[in-house]
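Here is how the chains run, residue by residue.
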Amino acid sequence: MSKLFDAVDALLASRAVLPPPTERKRLRTAHGLTIDEVATTLDVRRATVSAWESGKTEPRPPERDAYARLLDKLAELYPAAPAAPTVDVERPTAPVAAPVAAEARTLPASEVPEAEAVAVTENPQTPAPAAAAPAPATRPSRTARQPSTSRRPGAQEPAPARTSSGGTRPRFENGPLAVVDVEDGKVLAYCTGGLVLDVPAKSVPALVDWTLREAKLGAPKLSGPGKDADPLIVLTEAACERYGMPVTLTEEERTAGRLPEGHKVTKQLARAEWKLTKRGFGPWARIYRPAKGSDRQCVQLCIPSWNALDTRHWGDAGQFPPAELARVLGVYASRVMTPRGSTAVTGLELMTALHPPTRASEPDADSKRHSEHNPGSLGKDAIDPLNFPPCEVPDGHPALKDLPRFHVRGPAEKLFEEAYDWARPMTDAECTLRHLVGIDVNLAFAAGANGLAVGLGEATHVKAPVFDPKLPGSWLVDLSHVDLSRVKVGKEWVNLDGSLLPSPFTPKGERPEGPAWYATPTVAYAAELGYEVRPVEAWVRYETGRYLDGWYTRLRDAYLATMSDLGVDADLAPGDFLAAMDGYKDRDPELAIVVSAVKATVKGGLGKLRERPRAEGWRPGEPWRALSRPTWRPDIRAAVISRTRINLHRKIVKHASFTGQYPIAILSDCVVYAANGESPLDFLPYREGKPLPGGFKLGINPGLVKHEGTQDVLWGEEVREKFNAPELNLARYIKDGTVTDVDSGE
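Now for a quick tour of the structure. (Residues numbered from 1 in each chain as written. Predicted model: local features only at pLDDT ≥ 70, side-chain atom pairs only at ≥ 80, totals over all residues. Heavy atoms only, no water.)

### Structural notes on the sheet that holds strand β22 (residues 670-675)
What holds strands together in a sheet is hydrogen bonding between their backbones, with the strands either parallel or antiparallel. The condition that has to hold: Only strands that DSSP links by at least two bridges are regarded as paired with each other. Here a strand is any run of E in DSSP of at least two residues, a helix any run of H or I of at least four, and the numbering for each starts at the N terminus. To obtain an axis, a line is fitted to C-alpha atoms, over the contacting stretch when the element is a helix, and the angle between two such axes runs from 0 to 180 degrees between their N-to-C directions.
Pairing is antiparallel in the open sheet, where five strands are placed in the order β11-β21-β22-β12-β25. Only two strands of the sheet have a single neighbouring strand rather than two, namely β11 (421-423) and β25 (705-712). Each neighbouring strand pair of the sheet contributes to a mean axis angle of 20°, computed without reference to strand direction. Two strands pair when backbone bridges link them, and strand β12 (residues 435-441) and β25 are joined in this way by seven bridges, in the antiparallel orientation. Considered in β25, the bridge of D440 is made with K706.

What follows is the structure, given as structure tokens:
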């Protein structure tokens, strides 16, 4: 009989009900699980789980039953939001607005454009739908102010308190942030989507209380075990004056990065039992009270007039009227995350938000849950500074405290994985061509992070190891024998002019002269080119994971969605893509700023993985504040840069083997070639609209290239002659041709 029962169970398992493919992905990401974690648990390949989530295939027994069980459990934890009922109105031009706790009014705004779904051709993952960018808001005139409660355009009459037209009121119904300004003596909070709230607070402590109790600001967590984003309040110059703060910081305050502890605002906060982080009351002040259980009380302030918004990344956003600034920051917050500081700080915080260090355990015998390590994260405890490999840390690190004071470490003592800064003189044949054309790799460092296995824990020192390309780490190995004049491209050996190519192993493109420390991707590429590698020693990490995959996906989707809003889609033909890129920033300057901020988040976040000491009275050999973070991981930064540089060199070699064309200059992710035409299409090999496999491809997706700029060959020769610099890096100036001084390499 038991045999029959087993057969019945198997039959039921074969028909286990599964949610739709899109819901499967939603449930997985809601709990912060990666495809790899699900695949490992179910003992299937990663591609299999990806196919289940895309709907290409359906699971079969016995995996189907286990997969259904997983999804059922996740559905209990993260039920789908109920669909909003349809409302019969004559002109449904905007969604029904929920009422607000505080008095509110609205900005007149045009219809919100819908962000199109964007497919990434070079990646198996499908980007998640991004939030639509709201249309540019128009600041209301001073005479048009509406008293009492009002609503967004097209909304119905306000629903009763504690309800909305769709049922339960969302916790963060007014968006992630608000820009607080003063107009006609009235304090107003400009939220995303055109909503404006009246602010009754008379002081900074009262503003914090109002934000947490009435404003309904914040954002849901990005990962299952994570935390909701704290509300962000942006204070204009007028708001600073209203709340007793200086519009600008003095030179002394700017150097300290904060107001003095004796300032009346900091005293007000102390009296109200609010606390500030160690950074104090600066451009990105965080005001909080210690959490009680799950009750988190924290507000993030942003003060643009104190240079909170770096003009290199945010342009003139800090000078925008409140509604426009709310739109720019709101789009960034909805697509990346609510800013927690500079773009670099936010980039680093995004890593933790997507991979929180801890999670709730399964219930114990007393049905209680406890905090436990979240697999795939970097954990909650920083690595002891003295346990870092000496080769991976920057000068002045505690692990190097026993070195002589003025000792300069060479390649055999220091891991030096950096981006390219290389150039060479032009050949006679190249001088006969008319133009220098620069191409730039989109989100190159994000693409380098995608799919990269990194170490999650401490490193282990190994003598005379056998190289393993799947093992993250640092390897001391001699690669001076790698000859670029004869390398393997794919499965075939090809002959190249090695004198016209940069070495893939050094940032300056020089051929190594002996043993040196390299990250795993660099050593793996030497083997890929067909050469034997024999490491002398290594620091390797056996606990590994694709820690940055979710980070890459989030930033990729934000970038693609915003570029789509600007008229540059992922599926454009090469010629159409170049035409769409021409002047794209002018179509919506506010969204163009968001694109700039997303790019800065990528580079800045990776840079923070190896944050160096600031002034703060630090001395060489002493630990600095950043070392106390689990995310201080110079080895991960080195691996990403290594892989990015290798990805670029691989395309350069492929292009050279097929066309005989060699780069003249490379700067980070920009490559300059000589060509007879002004367009990348004049030298990139396209056949019937298809690019060279493995070579450069025009497109907006990360890892593809766009046109950076074009100058005359004569311009390049004149500039080099003027500064008596035959190897001046022309990639640095190819965009607009302006050279103000000799290349300093900075």
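Additional details are given in the paragraphs that follow.
### Focus on unusual backbone geometry
To keep it simple, the criterion reads: We call a residue buried when its accessible area falls under 20% of the maximum for its residue type, exposed when it is over 50%, and partly exposed in between, using a 1.4 Å probe and counting protein chains only.
Following P61, the chain continues into P62 via a peptide bond in cis, with omega recorded as 0°. In this structure, P62 sits in the loop between α4 (46-54) and α5 (63-77). For K216, which is not glycine, the phi torsion reads 55° and is therefore positive. Mapping K216 onto the fold places it in the loop between α6 (204-213) and β5 (232-235). When its relative accessible area of 30% is taken as the criterion, K216 is described as partly exposed. Phi at A464 is positive, roughly 45°, even though this residue is not glycine. Look at A464 and you get exposed, because its relative accessible area is 59%.

### Things to note about the sheet that holds strand β15 (residues 473-478)
Heads up, the rule is: Here, residues are in contact when the closest pair of their heavy atoms is within 4.5 Å.
Read from one edge to the other, the open sheet built from four strands follows the order β14-β19-β15-β18, with strand pairing classed as antiparallel. Each end of this open sheet is capped by a strand with a single partner; those strands are β14 (460-463) and β18 (515-519). The sheet shows a mean angle of 20° between the axes of neighbouring strands, direction not considered. Here four bridges tie β15 to strand β19 (residues 537-540), and the two strands are oriented antiparallel to one another. Its bridge partner being in β19, L476 is matched across the sheet by E537. The strands that helix α15 (residues 520-528) touches are β15 and β18; relative to β18, the one it contacts most, it runs at about 110°.

### Notes on the packing of aromatic side chains
Put simply, the rule is: Note on aromatic pairs: the rings of Phe, Tyr and Trp (six-membered ring only in Trp) are paired at centre separations within 6.5 Å, and the planes decide the class, stacked below 30 degrees, edge-to-face beyond 60, tilted for the rest. Two limits define a charge over a ring: the Lys NZ or Arg CZ must be within 6 Å of the ring centre, and within 35 degrees of the ring normal.
Tallied over the entire structure, the rule returns 11 aromatic pairs. Judged by centre distance (6.0 Å) and plane angle (80°), the ring pair of W624 and W632 falls under edge-to-face. In this structure W632 comes out as buried when scored by relative accessible area, which is 2%. Taking 5.1 Å as the distance between ring centres and 35° as the angle between the ring planes, the aromatic pair formed by Y673 and F683 counts as tilted. Placement of Y673 in strand β22 and of F683 in the loop between β22 and β23 (686-687) is noted, with a sequence separation of 10 residues between them. Comparing Y673 with F683 shows no difference in burial state: the two are buried. Chaining the aromatic ring pairs together yields one cluster made of F388, W618, W624 and W632. For the cation-ring pair, R289 lies above W274, with the distance from its terminal atom to the ring centre recorded as 3.8 Å.

### Quick word on the pairing of β19
Alternating positions in β19 separate into two faces, E537 and W539 on one and A538 and V540 on the other, with burial throughout. Judged from the four bridges that link them, β14 and β19 form a sheet pairing that is antiparallel. Within β19, the residue paired with K463 across the bridge is E537.

### Remarks on a negative patch on the surface
Convention followed: Candidates for patches are residues over 30% relative accessible area with no salt bridge; among them, like charges are joined within 9 Å and nonpolar side chains (Val, Leu, Ile, Met, Phe, Trp, Tyr) within 5 Å. Areas reported as accessible are Shrake-Rupley estimates using a 1.4 Å probe. Residue values count occlusion only from the protein chains shown. Salt bridges are defined by distance alone: a side-chain nitrogen of Lys or Arg within 4 Å of a carboxyl oxygen of Asp or Glu. Two residue types count as positive, namely Lys and Arg, and two as negative, namely Asp and Glu; His and chain ends fall outside the count. The atom standing in for a charge is NZ when the residue is Lys, CZ when it is Arg, CG when it is Asp and CD when it is Glu.
Together, E678, D682, D712, E717, E718 and E721 line one region of the surface with negative charge. Broken down by element, the residue count for the negative patch peaks at three residues, all from helix α21 (residues 713-722). Here E717 lies in helix α21. Residue E717 is classed as partly exposed on the basis of its relative accessible area, which comes to 32%.

### Overview of the pattern of salt bridges
Tallied over the entire structure, the rule returns 32 salt bridges. Ionic pairing is found between E58 and R64, a salt bridge with its closest N-O pair at 3.9 Å. K706 serves as the salt-bridge partner of D440, at 2.7 Å between the closest nitrogen and oxygen. Residue D440 is located in strand β12, and its partner K706 is located in strand β25; the two are separated by 266 residues in the primary sequence. Each member of the pair, D440 together with K706, is buried.

### Thoughts on helix α19 (residues 589-608)
Note the threshold: In this analysis, the expected span of each helix is defined as 1.5 Å times one less than the number of residues it contains.
The end-to-end C-alpha distance of α19, which contains 20 residues, comes to 28 Å, matching closely the 28 Å that a straight helix rising 1.5 Å per residue would cover. For α19, the tally of buried residues reaches 15 of 20 residues, placing the bulk of the element in the interior.

Such coordinate-based values are descriptive only and should not be taken to indicate function.
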